[in-house]
Amino acid sequence: MPERPMTCPKCGATMNRHGEKLVYTGETGGAGEDPLLGGVMQEMHACPHCGHVASRRAG
Amino acid sequence: MPDPRPLSIPVILGTARKGRRSAHAARFVLGELQKRDGVVTELVDVGALSVQLDDSGQDTADPAFSGCMNRADAIVLIVPEYNHAMPGLLKHVLDSCLKEYVHKAAGIVAVSAGPFGGTRVIETSLPVLRELGLVTIFWDVNVGSVAKVFEENGLLLDPALVRRTDKFLGELIWMAKTLRYGRESIAL
């Protein structure tokens with residue numbers, strides 16, 4: 001279970017964090033930035049109730 | 001216990017070119033998907049989407065497209081081969097989403113006017129789909145010499161396509177079910 005479970009914006013159920021993706025952007029600083037890997041880490045979440053998927057910056 | 005929610009598997013017609021024969025392949029695959037129990041499908045025509053040409057990348061999608069990709073458990077890409085690669089418009093549309101694709105299944109139906117059946121567009125598309133977080137299957141459908149496979153009115157001339165598409169969709173559906181379970185039940 002992740003430290004901060006994400007709530008499904010569609011149905012309110014607790015989502016499952018099933019993936020992470022390193023995204024390279026021109027931005028520096030802020031949540032999710034991983035200086036060692038050189039990008040911003042995005043968490044991928046899926047809702048076990050309605051199937052909706054969402055993402056947010058890690059951190 | 002079986003999941004009561006049907007799998008959503010849209011078919012993406014990846015070209016807007018006038019006179020596109022890929023539309024015949026798209027309608028054919030759509031029809032084959034509609035015969036499957038437990039699957040809902042729809043045709044997504046990249047030529048009918050509202051596409052931003054002054055921006056690109058994640059979160060620039062047509063809301064209808066991103067909503068469709070969010071609901072999807074798998075996608076079928078109908079991809080004509082243009083100079084060994086996918087049409088630029090399809091790449092632009094695919095690049096407009098990201099989270100919507102991660103850990104979802106993707107299969108390619110490649111279409112070519114010549115005899116090679118779009119084998120080269122499959123090879124050049126795989127790294128793109130992988131980078132988007134899609135999980136590609138190891139079955140493809142190759143529609144070579146498309147003018148001999150479909151009549152101008154879309155009538156199927158090659159019965160072997162039915163068998164090949166059946167195998168392709170069987171694998172895609174298996175992967176879609178597996179990945180839905182993983183996305184929703186297995187934490188990273």
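Up top is the structure.
Residues numbered from 1 in each chain as written. Chains lettered and ligands numbered in written order. Predicted model: local features only at pLDDT ≥ 70, side-chain atom pairs only at ≥ 80, totals over all residues.

Caption draft 1: Representation of the overall build of chain A. From N to C terminus, chain A includes 0 helices and 4 strands. Listed by position from the N terminus, the elements making up chain A come as β-β-β-β. When burial is assessed residue by residue, chain A has 25% of its 59 residues classed as buried. (Helix = DSSP H or I, 4+ residues; strand = E, 2+ residues; numbered from the N terminus. Buried ≥ 20, exposed ≤ 12 C-beta atoms within 10 Å, placed from the backbone.)

Caption draft 2: Structural context of the overall build of chain B. Along its length, chain B carries 6 helices and 8 strands. Listing the helices and strands of chain B from first to last along the sequence gives β-β-α-β-β-α-β-α-β-α-β-β-α-α. Against the 2.2 N^0.38 benchmark of 16 Å for 188 residues, chain B shows a C-alpha radius of gyration of 16 Å, consistent with a compact globule. With the C-alpha coordinates aligned to their principal axes, the bounding extent of chain B is approximately 45 × 45 × 25 Å. By the burial criterion, 45% of the 188 residues in chain B qualify as buried. By sequence separation, contacts in chain B at least 24 residues apart represent 82% of the contacts at least 6 residues apart. (Rg over C-alpha atoms; globule rule 2.2 N^0.38 Å. Contact = placed C-beta atoms within 7 Å.)

Caption draft 3: Highlighting the nonpolar core. Residue and element names in this part refer to chain B. Counting 60 residues, the largest nonpolar core has Ala74, Val76, Ile78, Val79, Val109 and Leu172 as its most contacted members. When residues of this core are assigned to their parent elements, the largest contribution, 8 residues, is made by helix H6 (residues 160–185). Filtering out sequence-adjacent residues up to four positions away, Val76 remains in contact with Ile9, Val11, Ile12, Val29, Gly107, Val109 and Leu172. (Core = buried A, V, L, I, M, F, W, Y, C linked by C-beta atoms within 7 Å.)

Caption draft 4: Expanded view of the interface of chain A and chain B. With 16 residues of chain A in contact, the opposing surface of chain B contributes 15 residues. Secondary-structure elements contributing two or more residues to the side of chain A that touches chain B are strand E1 (16–23), strand E3 (39–46) and strand E4 (53–57) of chain A. Sort the elements by how many residues they give to the side of chain A that touches chain B and E1(A) lands first, with 6 residues. Across the side of chain A that touches chain B, the residue classes tally to 7 nonpolar, 6 polar and 3 charged. (Nonpolar A, V, L, I, M, F, W, Y, C, P; charged D, E, K, R; others polar.)

Caption draft 5: Layout of the environment of B:Arg21. All names here are of chain B. Checked against the element boundaries, Arg21 lands in the loop between strand E2 (11–13) and helix H1 (22–34). Arg21 sits in the buried class, given 20 other C-beta atoms within 10 Å. Counting along the chain gives 125 residues from Arg21 to Val146, while the straight-line C-alpha distance between them is 7.0 Å.

Caption draft 6: Focus on H1(B). Across its 13 residues, H1(B) extends 18 Å between first and last C-alpha, which sits within 8% of the 18 Å expected from 1.5 Å per residue. Taken residue by residue, H1(B) has B:Ser22, B:His24, B:Ala25, B:Ala26, B:Phe28, B:Val29, B:Glu32 and B:Leu33 as its buried positions. (Expected span 1.5 Å × (residues − 1).)

Caption draft 7: Structural detail: unusual backbone geometry. Residues and elements named next belong to chain B. Backbone geometry at His103 places phi at a positive 65°, although glycine is not the residue there. Structurally, the position occupied by His103 is in the loop between helix H3 (88–94) and strand E6 (104–111). The backbone of Ser145 sits at a positive phi, close to 45°, despite the residue not being glycine. Along the chain, Ser145 falls in the loop between strand E8 (141–143) and helix H5 (146–149).

Caption draft 8: Region of interest: the pairing of E4(A). Where E3(A) lies against E4(A), 5 bridges are found, and the strand directions are antiparallel. In the sheet register, A:Gln42 faces E4(A), and the bridge partner there is A:Arg57. (Pairing = 2+ DSSP bridges.)

Caption draft 9: Representation of the pairing of E3(A). Residue and element names in this part refer to chain A. Note: E1 against E3, 7 bridges, orientation antiparallel. Note on E3: the bridge partner recorded for Arg17 is His45. Sheet analysis places strand E2 (residues 33–34) next to E3, joined by 2 bridges and oriented antiparallel. Within E3, the position partnered with Glu33 by the bridge is Val40. Remark: 4 residues form the turn of the hairpin made by E2 and E3, two consecutive strands paired antiparallel; Gly38 in that turn has positive phi of roughly 85°. Following E3, the chain reverses through 6 residues before pairing antiparallel with E4; Gly51 in that reversal takes a positive phi of roughly 85°.

Caption draft 10: Looking closely at the environment of A:Gly19. Secondary-structure assignment places A:Gly19 in strand E1. Residue A:Gly19 is classed as partly exposed on the basis of its C-beta count, with 19 C-beta atoms lying within 10 Å. The sequence separation of A:Gly19 and A:Gln42 amounts to 23 residues, and the corresponding C-alpha distance is 8.4 Å. Not counting chain neighbours up to four residues away, the residues in contact with A:Gly19 comprise A:Met44, B:Val102, B:His103, B:Gly133 and B:Leu188.

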